[in-house]
Amino acid sequence: MFNTKNLSFYALAAWWSIVSISAVQAHILMKKPTSLGYRGNQYVTSADYDLNFPIKGPQFPCKLFHKDNARGAGRSVETWPAGSTQSFSLEGAAIHGGGSCQASLSYDNGGTFKVLKSWIGSCPVENGGTFSFLVPKTAASGDALFAWTWFNKIGNREMYMNCAQVTITGGGSGLGTEYPRTFVAQIGTNECTVPEGIAVEFPHPGAVVQRGDGNKSAPPKGVDCV
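Residues numbered from 1 in each chain as written. Predicted model: local features only at pLDDT ≥ 70, side-chain atom pairs only at ≥ 80, totals over all residues. Heavy atoms only, no water.

Taking an unreviewed UniProt entry as the reference, the protein is identified by name as Lytic polysaccharide monooxygenase belonging to Discina gigas.

Q: Describe the state of the cysteines, with residues and values.
A: Applying the stated criterion across every chain, the model contains 3 disulfides. There is a disulfide in this structure between C62 and C163, and the S-S distance comes to 2.0 Å. When the S-S torsion is -80°, as for the bridge of C62 with C163, the disulfide is left-handed. One end of the pair, C62, is in the loop between strand 1 (29-32) and strand 2 (78-81); the other, C163, is in strand 8 (residues 160-169), and 101 residues separate them in sequence. Judged by its relative accessible area of 3%, C62 falls in the buried class. Classification of C163 as buried rests on a relative accessible area of 2%. Two residues share a disulfide in this structure: C192 and C225, whose sulfurs sit 2.1 Å from each other. (Disulfide = S-S within 2.5 Å. Helix = DSSP H or I, 4+ residues; strand = E, 2+ residues; numbered from the N terminus. Buried < 20%, exposed > 50% of the residue type's maximum accessible area, 1.4 Å probe, protein only.)

Q: Mind laying out the sheet that holds strand 11 (residues 209-211), listing which residues take part and the relevant values?
A: A sheet is described by the order of its strands in space; here 6 strands give the open sequence 2-8-7-4-5-11, paired in mixed fashion. Among the strands making up the open sheet, the edge pair consists of strand 2 and strand 11. In this sheet, adjacent strand axes meet at a mean angle of 25° when their direction is disregarded. (Pairing = 2+ DSSP bridges. Axes fitted to C-alpha atoms, helices over the stretch in contact; angles between N-to-C directions.)

Q: Can you explain the nonpolar core? Please cite residues and give values.
A: Ranked by internal contacts, the top residues of the largest apolar core, which has 27 residues, are F88, L105, W119, F133, F146, W148 and I168. Mapped onto this core, the elements with two or more residues apiece are strand 3 (85-91), strand 4 (99-106), strand 5 (114-120), strand 6 (129-134), strand 7 (142-152) and strand 8. Not counting residues up to four positions away in its chain, the partners in contact with L105 are T112, F113, K114, L116, A144, L145, F146, V166, I168 and L175. Listed in part, the 24 residues of the second largest apolar core include L51, F113, C163 and C225. (Core = buried A, V, L, I, M, F, W, Y, C linked by side-chain atoms within 4.5 Å. Contact = heavy atoms within 4.5 Å.)

Q: Break down the sheet that holds strand 1 for me, citing the residues and quoting the values.
A: Remark on secondary structure: sheet strands pair via backbone hydrogen bonds, oriented parallel or antiparallel. The sheet built from 3 strands is open, its strands ordered 1-3-6 with antiparallel pairing. The sheet is open, and its two edges are formed by strand 1 and strand 6, each paired on a single side. Going from strand to strand, the sheet's axes swing by 40° on average, the running direction of each strand aside. As judged from the 3 bridges shared by strand 1 and strand 3, these two strands associate in the antiparallel manner. Of the residues in strand 3, the one forming a bridge with L29 is E91.

Q: Give me the lowdown on the environment of P136, citing residues and values where you can.
A: Relative to the helices and strands, P136 resides in the loop between strand 6 and strand 7. Note: C-alpha distance between P136 and A82 (54 residues apart in sequence) is 5.7 Å. When residues no more than four places from it in sequence are discounted, the contact partners of P136 are A82, G83, L116, L175 and Y179.

Q: Hey, could you go over the confidence of the model for the protein for me, with residue numbers and the actual values?
A: For the protein, per-residue confidence averages 88 on the pLDDT scale, and residues scoring 70 or more make up 88% of the total. Across residues 9-25 the pLDDT falls below 50, and counting only partners more than four positions away or on other chains, this stretch makes 11 contacts in the model. (pLDDT = per-residue confidence, 0-100.)

Q: Explain the pairing of strand 5 to me, using residue names and the numbers behind them.
A: Most of strand 5 sits inside the fold, with 6 of its 7 residues counted as buried. Sheet topology note: the strand 4/strand 5 ladder contains 6 bridges and is antiparallel. The residue of strand 5 that forms the bridge with Q102 is S118. Pairing between strand 5 and strand 11: 3 bridges, direction parallel. The residue bridging W119 from the neighbouring strand is Q210, located in strand 11.

See below:
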């Protein structure tokens, strides 16, 4: 343990600043579209400075911020025409070797999320990165909850999730059965976990899949891995 007893006040302050900055940069979060609870969200009145940390079972989905007006619930931050190409951007330093991510939409305020695109391997990348996806032409018009989920490749077996309120325009009949539910594991709501050291192969990634890490992946283990 680092000994702070012999540090001057100013040296201690500088040391603590470095530690604090490191803690803030410890993980990854979604900065665009601006996440519920994110300090950069214009509608947030109570920012979550641990937004880049993994979620636990009681926090699923969205750390429950989709029900919290102080965290920006119910306030759309972007408008996406159905059939358009959109993107999400991430920030943070520790990518834990990358891993696998999904982009999803919910039309029932977080009750059900359906996958728009899966990245198996190489997500996220150094310095966060920007990832593009197609909003289906059949996506229904109206308010929707967008989610980015991530399963890290190296480190503790965790699940990360950030959400944002968006508005879909010019839509169709809705997302049908060809759009699977978002994969969930490692948060205590089921007995499913992902391997360490290799990107997880989503059991139901959907029709749009982008692969990285030399196509090296492995399926999850346990039960309820859907």
